[in-house]
Amino acid sequence: KLAVQKDTCIFIFATIVNADVLAIISKADAVFMDILNTFIQPIETALGVKSSHDMGLTHGVKNYDQYHHRIDAVNFTLNSDDGLATQTYHEADLILVGVSRCGKTPTSLYLALHFGLQVANYPLDEDEVDAGILPPALRNFKNKIIGLTIAPDRLHQVRQKRRPDSHYAQLRQCRHETQGAEAIFIKEQLPYLDTSNRSIEEIGATIIALMKKENTWTNY
């Protein structure tokens, strides 16, 4: 029950689908406005169809199993970012490998959120690039790896914003690392793609196509 003070006017704006709950609320000593039915009834009449009156559709979640699967994928991806948790790589659907700042993290999160993929990403450091072979943490998972590369001048621009005028951001260093990473991808016969002038959506679509081609796409 609503306790109403004298000379007080209460307005109730309802967007509730459940008819039983609406019936109870409508009995309150207040000005009651059913927002949904104000629009739904004329629409039903005009279209000649009845509303399903399903709850929760405004949140866009129709398949809760798929929703939770994607949340789990995002959590895995966050916990496996930037070379973390290499001991869980056997659980990964995909491992993105490339030099620092080539787009691994945003791509990983995009694939996790939109496709439910558990994506790890591993940054090749200068020593690993110079060694010219896959790091030990990756050697048993070649079938899950897709490499990312980037034009040296673009990488220079990105790194300059992060660490201006550092050795890390020098164009010569960017060129050395990207060329070394690509040499590893070619030597190990790993698929890879250039992220320089592509949106995250384009990169994601290309990766999905590569996974289908390599028969590693199993989620959907």
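Please refer to the structure placed before this passage.
Residues numbered from 1 in each chain as written. Predicted model: local features only at pLDDT ≥ 70, side-chain atom pairs only at ≥ 80, totals over all residues. Heavy atoms only, no water.

Caption draft 1: Local environment of the overall build of the protein. Within the protein one finds 8 helices and 6 strands. Listing every helix and strand of the protein by position from the N terminus yields β-α-β-α-α-β-α-β-α-β-α-α-β-α. Nonlocal contacts in the protein, meaning residues at least 24 apart in sequence, comprise 64% of its contacts between residues at least 6 apart. Carbon and sulfur atoms make up 53% of the accessible area of the protein, which amounts to about 13,600 Å² in all. (Helix = DSSP H or I, 4+ residues; strand = E, 2+ residues; numbered from the N terminus. Contact = heavy atoms within 4.5 Å. Areas by Shrake-Rupley, 256 points an atom, 1.4 Å probe, with all protein chains shown as cover.)

Caption draft 2: Representation of the pairing of strand β4 (residues 119-124). Burial of β4 is extensive: 5 of the 6 residues sit out of reach of the surface. As judged from the 6 bridges shared by strand β3 (residues 94-99) and β4, these two strands associate in the parallel manner. Among the inter-strand pairings, G98 is bridged to a residue of β4, identified as P123. The parallel pair β3 and β4 is bridged by helix α4 (residues 104-115), and the resulting crossover is right-handed. (Buried < 20%, exposed > 50% of the residue type's maximum accessible area, 1.4 Å probe, protein only. Pairing = 2+ DSSP bridges. Right-handed = clockwise from strand over helix to strand, strands pointing away.)

Caption draft 3: Structural view of the pattern of salt bridges. A complete count under the given rule lists 2 salt bridges for this structure. A salt bridge links E188 to K142; the nearest nitrogen and oxygen atoms lie 3.2 Å apart. Taken together, the residues E188 in the loop between α7 (171-187) and β6 (192-194) and K142 in the loop between α5 (126-131) and β5 (145-149) connect sequence positions 46 residues apart. Assessed through its relative accessible area of 16%, E188 is described here as buried. Among the ionic pairs, E177 bridges to R159, the shortest N-O distance being 2.8 Å. Here the residue E177 occupies a position in helix α7, and R159 occupies one in helix α6 (residues 152-162), the gap between them amounting to 18 residues. By the burial criterion, E177 is buried, and R159 matches it. (Salt bridge = Lys/Arg side-chain N within 4 Å of Asp/Glu carboxyl O.)

Caption draft 4: Seen up close, the side chain of K144. Here K144 lies in the loop between α5 and β5. Within the buried set, K144 has no salt-bridge partner at all; the shortest N-O distance to an opposite charge, 6.8 Å, is to D93. Separated by 3.0 Å, the side chain of K144 and the backbone oxygen of Y89 make a polar contact. Ignoring anything within four residues of it in the chain, the contact list for K144 reads Y89, H90, E91, A92, D93, L94 and I95. (Lys, Arg positive; Asp, Glu negative; His and termini not counted. Polar contact = N/O pair within 3.5 Å; in protein donor to acceptor, adjacent residues only side chain to side chain.)

Caption draft 5: Molecular detail of the packing of aromatic side chains. For the structure on display, the rule yields 3 aromatic pairs. Between Y89 and F141 the ring centres are 6.1 Å apart and the planes differ by 80°, which places this aromatic pair in the edge-to-face class. Here the residue Y89 occupies a position in the loop between α3 (64-79) and β3, and F141 occupies one in the loop between α5 and β5, the gap between them amounting to 52 residues. This pair shows no difference in class: Y89 is buried, exactly as F141 is. Both rings, one in F185 and one in Y192, keep their centres 5.3 Å apart while their planes meet at 35°; by these two values the pair is tilted. Note on F185: relative accessible area 0%, which makes it buried. On the basis of relative accessibility, which here comes to 33%, the residue Y192 falls in the partly exposed class. Lying across the ring of Y168, R159 places its NZ or CZ 4.2 Å from the centre. (Phe/Tyr/Trp six-rings, centres within 6.5 Å; stacked < 30°, edge-to-face > 60°. Lys NZ or Arg CZ within 6 Å of the ring centre and 35° of its normal.)

Caption draft 6: Quick peek at the nonpolar core. Judged by nonpolar contacts, the single largest core of 36 residues is most densely connected at I95 and I207. Contributing elements (two or more residues each) for this core: β3, α4, β4, β5, α7 and α8 (200-213). Not counting residues within four places of it along the chain, the set of residues in contact with I207 comprises L94, L96, T107, L111, I146, L148 and L193. (Core = buried A, V, L, I, M, F, W, Y, C linked by side-chain atoms within 4.5 Å.)

Caption draft 7: Seen up close, the environment of C174. Tracing the sequence through the fold places C174 in helix α7. Every residue in contact with C174, bar those within four places of it in the chain, is listed here: P152, L155, H156, R159, Y168 and A169.

Caption draft 8: Spotlight on the sheet that holds β4. If you trace the 4 strands from one edge of the open sheet to the other, you get β4-β3-β5-β6, paired in parallel fashion. In this open sheet, the two strands that pair with only one neighbour each are β4 and β6. Neighbour to neighbour, the strand axes of the sheet diverge by 25° on average, direction disregarded. In terms of strand pairing, β5 meets β6 through 3 bridges, oriented parallel. Each residue of the ladder has a partner; that of G147, found in β6, is Y192. (Axes fitted to C-alpha atoms, helices over the stretch in contact; angles between N-to-C directions.)

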